Amino acid sequence: MGSQEVLGQAARLASSGLLLQVLFRLITFVLNAFILRFLSKEIVGVVNVRLTLLYSTTLFLAREAFRRACLSGSTQRDWSQTLNLLWLTAPLGVFWSLFLGWVWLQLLEVPDPNVAPHYAAGVVLFGLSAVVELLGEPFWFLAQAHMFVKLKVTAESLSVILKSVLTVFLVLWLPHWGLYIFSLAQLFYTTVLVLCYVIYFTKLLGSPESTKLQTLPVSRISDLLPNITRNGAFINWKEAKLTWSFFKQSFLKQILTEGVYDIVNNLGSLVARLIFQPIEESFYVFFAKVLEREKDATLQKQEDIAVAAAVLEFLLKLALLSGLTITVFGFTYSQLALDIYGGAMLSSGSGPVLLRSYCLYVLLLAINGVTECFTFAAMSKEEVDRYNFVMLALSSSFLALSYLLTRWCGSVGFILANCFNMGIRITQSLCFIHRYYRRSPHRPLAGLRLSPVLLGAFALSGMVTAVSEVFLCCEQGWPARLAHIALGAFCLGATLGTAFLTETKLVHFLRTQLGVPRRTDKTT
């Protein structure tokens, strides 16, 4: 498979991931609005914060390192060893769900049973749902490695829709079940998700059509199960060591970046999750397939190196433009967003300052997502270990800075400390990218340079909307608010129009990768 074909598939994967995120957020928003009519906000809060955090943390610690290590492997690998390694995520998930479940029940404050009944059962069932999802990891990996886009869209969409239907049914008919409702719905979601992948590959590998799929490394469903390979080795120890390096990195990242208050975090990171996460996940697969670890850029296929450099440049440009747009317009529309979302209780306090600070953090988050996406796909195991050592050395300074800034600036200080941490990570990645391409004619870091005209458009839009906020928001009534929104929409349109005219290469890249219809493959 050529680098251009891999690029096309990665772009399709990113666009489908973006659409899925929009669908999930819309369903979640509508579902929460419906549930709050029948259940208390305390129950919904426990689910959205406590139990969801338990579930996501278990999955992150159990599988993130395995995904990064295994997706970056060569196609000329022993797939049985890779699949065996991925099966280890399940027992690791059991360990983390038990340990974190104990922390949630014994060390953290337990909600009032009268307010949020069946909390202990919820902890157990959310932990179990994480383990069930990990049982499908080898099937997910095979689909992701071969970019089966339609399978991912179908499986995740069907799972979310059926989960929502079950939640609504239980809320209407058995509202006294409390946290049982969401726990059973979550377990049902992960079960359906895993079954979609299992049933798909069972049918695919059992049909005559599968003989035509020369790219698949397995020929029957039993090949996906744990087994001893011909050379007697259960796993590839090189992949296992790389997994351990990525695990140390993931663990540190989870500790160093967790935080920021509930509502502000949800509003501020919404665009980051919608746009940047699908791009980072999909193009990590692209870079991992195109680049070879342990090899200098001059020793690899130059066509692949050139394509990777061009894609990295365009992704950096896209991340910078998206982040700047959020930062510039987020600064002047934070108060209005909070006022619409929660009324004067949110917009008159420290909420606007928090959200404005978080807009700056989103800019750094966008750039960091792209730079680390490339860096972790290209780094050797030794370089990953060195990166981990630097992060460990910085962790103490991050914690000290968080303590000092929080004392001086309150909750804003914690966001600023996270900005500092993100800036350090970006600097490390930029240094690696510069070293990686210094002996080649390619300069992907040029993606971080914008034209003076476009920068002027951003600056002018920021000033105009700042003046508009002073005179039109938010105590002048809805006519003034609508005028403020209209002026912001005009400035946003003018800024995006300027970007369209000045960043012609980026526009061409987006058109060719996302706008041109492609022949659909039956396997996807």
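Because the structure is a prediction, the values reported are computed rather than measured.

**Comments concerning the overall build of the protein chain**
Helix and strand content of the protein chain: 19 helices and zero strands. Counting the 524 residues in the protein chain, one finds 52% classified as buried. Residue pairs at least 24 apart in sequence account for 83% of intrachain contacts in the protein chain once pairs closer than 6 positions are excluded. Counting every atom, the protein chain has about 24,700 Å² of accessible surface; 67% of that belongs to carbon and sulfur.

**Overview of the packing of helix α2 (residues 41-71) against helix α4 (residues 89-107)**
Contact geometry for α2 and α4: axes closest at 9 Å, N-to-C directions at 145°. Where α2 crosses over α4, the handedness of that crossing is right-handed. Contacts between α2 and α4 involve Arg-50, Leu-53, Leu-54, Thr-57, Thr-58, Leu-61, Ala-62, Arg-63 and Phe-66 from the first element and Thr-89, Leu-92, Gly-93, Trp-96, Ser-97, Leu-100, Gly-101 and Trp-104 from the second. For the contact of α2 with α4, the class distribution of residues is nine nonpolar, six polar and two charged.

**What about empty space enclosed by the protein?**
The method is simple in principle: a probe with the dimensions of a water molecule rolls over the atoms, and the space it marks as empty is what remains. Considering all chains together, one arrives at two cavities of 30 Å³ or more under this definition. Reported here for the largest cavity is a volume of approximately 70 Å³. As for the largest cavity, its lining consists of Phe-276, Ile-279, Glu-280, Leu-315, Leu-318, Ala-319, Ala-366, Gly-369 and Val-370. Looking at the lining of the largest cavity, the elements with two or more residues in it are α11 (270-290), α12 (302-342) and α14 (351-378).

**Examining the side chain of Thr-332**
Among the structural elements, Thr-332 can be located in helix α12. Using a relative accessible area of 5% as the deciding quantity, one classes Thr-332 as buried. Not counting residues within four places of it along the chain, the set of residues in contact with Thr-332 comprises Gly-462, Thr-465, Ala-466, Glu-469 and His-484.

**Examining the pattern of salt bridges**
Under the definition given, this model contains 10 salt bridges. For Arg-68, the salt bridge is made with Glu-64, and the minimal N-O distance between the two is 3.4 Å. One end of the pair, Arg-68, and the other, Glu-64, are both in helix α2, four residues apart, so they sit about a helical turn from each other. Residues Glu-372 and Arg-425 are paired through a salt bridge, measuring 2.9 Å at the closest nitrogen-oxygen approach. Within this pair, whereas Glu-372 is found in helix α14, its partner Arg-425 is found in helix α16 (residues 411-437), the two being separated by 53 residues in sequence. Residue Glu-372 shares its accessibility class with Arg-425, and that shared class is buried. In the salt-bridge network here, residues are joined through shared partners; they are Arg-63, Arg-67, Glu-133 and Glu-137.

**Focus on α14**
Given a rise of 1.5 Å per residue, 28 residues ought to cover 40 Å, and the 40 Å separating the end C-alpha atoms of α14 matches this to within 8%. Taken across its 28 residues, α14 has 25 buried, putting it largely inside the fold.

**Comments concerning the confidence of the model for the protein chain**
Low-confidence regions, as indicated by low pLDDT, have predicted coordinates that should not be scrutinised in detail. For the protein chain, mean pLDDT is 82; residues scoring 70 or higher make up 84% of the total. For the protein chain, the element scoring lowest by mean pLDDT is helix α10 (residues 262-268), at 42; helix α5 (residues 119-134) scores highest, at 95. Throughout residues 258-269 the model reports pLDDT below 50, and contacts reaching past four residues in sequence, or to other chains, amount to 29 contacts.

**So, the packing of helix α17 (residues 452-472) against helix α18 (residues 478-502)**
At a minimum axis distance of 10 Å, the contact between α17 and α18 shows a crossing angle of 180°. The pairing of α17 with α18 is recorded here as roughly antiparallel in orientation. Touching Val-453, Leu-454, Ala-457, Phe-458, Ser-461, Val-464, Thr-465, Ser-468, Glu-469 and Leu-472 of α17 are Ala-480, Arg-481, Ala-483, His-484, Leu-487, Gly-488, Cys-491, Thr-495, Thr-498, Ala-499 and Thr-502, all from α18. Taken together, the residues of the contact of α17 with α18 break down into 11 nonpolar, eight polar and two charged.

**Looking at the side chain of Asn-368**
Within the fold, Asn-368 resides in helix α14. By relative accessible area, Asn-368 is classed as buried at 4%.

**Quick look at the packing of aromatic side chains**
The description of an aromatic ring pair uses the distance of the two centres, along with the angle that the planes make with each other. Evaluated as defined, the whole model comprises 24 aromatic pairs. Arranged with centres 5.3 Å apart and planes meeting at 70°, the rings of Tyr-436 and Tyr-437 form a pair that is edge-to-face. Through a chain of ring-to-ring contacts, three or more aromatic side chains come together here, namely Phe-283, Phe-286, Phe-287, Phe-374, Phe-432, Tyr-436 and Tyr-437. Its end group placed over the ring of Trp-140, Arg-67 keeps NZ or CZ at 3.5 Å from the ring centre. Looking at Arg-68, its charged tip hangs above the ring of Tyr-284, at a distance of 4.9 Å from the centre.

**Section: a positive patch on the surface**
Residues Arg-386, Arg-435, Arg-438 and Arg-439 make up a contiguous surface patch of positive charge. You can see Arg-438 is positioned in the loop between α16 and α17. Overall, Arg-438 belongs to the partly exposed group, its relative accessible area being 49%.

**Details of unusual backbone geometry**
A positive phi angle, close to 65°, is found at His-118, a residue other than glycine. Note on His-118: relative accessible area 35%, which makes it partly exposed.

**Describing a nonpolar patch on the surface**
Taken together, Phe-38, Phe-169, Leu-172 and Trp-173 make up a surface patch of nonpolar side chains, about 470 Å² in accessible area. Considering the arrangement of structural elements, one finds Phe-169 in helix α7 (residues 149-173).

**Side note on the environment of Ile-43**
Its location among the elements puts Ile-43 in helix α2. For Ile-43, a relative accessible area of 6% translates into the label buried. When the C-alpha positions of Ile-43 and Tyr-119 are compared, they lie 9.4 Å apart, and in sequence the two are 76 residues distant. Each residue touching Ile-43, except ones within four places of it in the same chain, is listed here: Val-115, Ala-116, Pro-117, Gly-178, Leu-179 and Phe-182.

Cut-offs used in this document
Residues numbered from 1 in each chain as written. Predicted model: local features only at pLDDT ≥ 70, side-chain atom pairs only at ≥ 80, totals over all residues. Heavy atoms only, no water. Helix = DSSP H or I, 4+ residues; strand = E, 2+ residues; numbered from the N terminus. Buried < 20%, exposed > 50% of the residue type's maximum accessible area, 1.4 Å probe, protein only. Contact = heavy atoms within 4.5 Å. Areas by Shrake-Rupley, 256 points an atom, 1.4 Å probe, with all protein chains shown as cover. Axes fitted to C-alpha atoms, helices over the stretch in contact; angles between N-to-C directions. Left-handed = near helix turned anticlockwise from the far one by under 90°. Nonpolar A, V, L, I, M, F, W, Y, C, P; charged D, E, K, R; others polar. 1 Å grid on protein atoms, 1.4 Å probe; cavity = no way out; pocket = protein on both sides within 12 Å on 5 of 7 lines; lining within 4 Å. Points joined across faces, edges and corners; volume = space filled by probe spheres on them. Salt bridge = Lys/Arg side-chain N within 4 Å of Asp/Glu carboxyl O. Expected span 1.5 Å × (residues − 1). pLDDT = per-residue confidence, 0-100. Parallel < 35°, antiparallel > 145°, perpendicular 65-115°, else oblique. Phe/Tyr/Trp six-rings, centres within 6.5 Å; stacked < 30°, edge-to-face > 60°. Lys NZ or Arg CZ within 6 Å of the ring centre and 35° of its normal. Patch = residues over 30% accessible without salt bridge, like charges linked within 9 Å, V, L, I, M, F, W, Y side chains within 5 Å. Lys, Arg positive; Asp, Glu negative; His and termini not counted. Charge placed at Lys NZ, Arg CZ, Asp CG, Glu CD.

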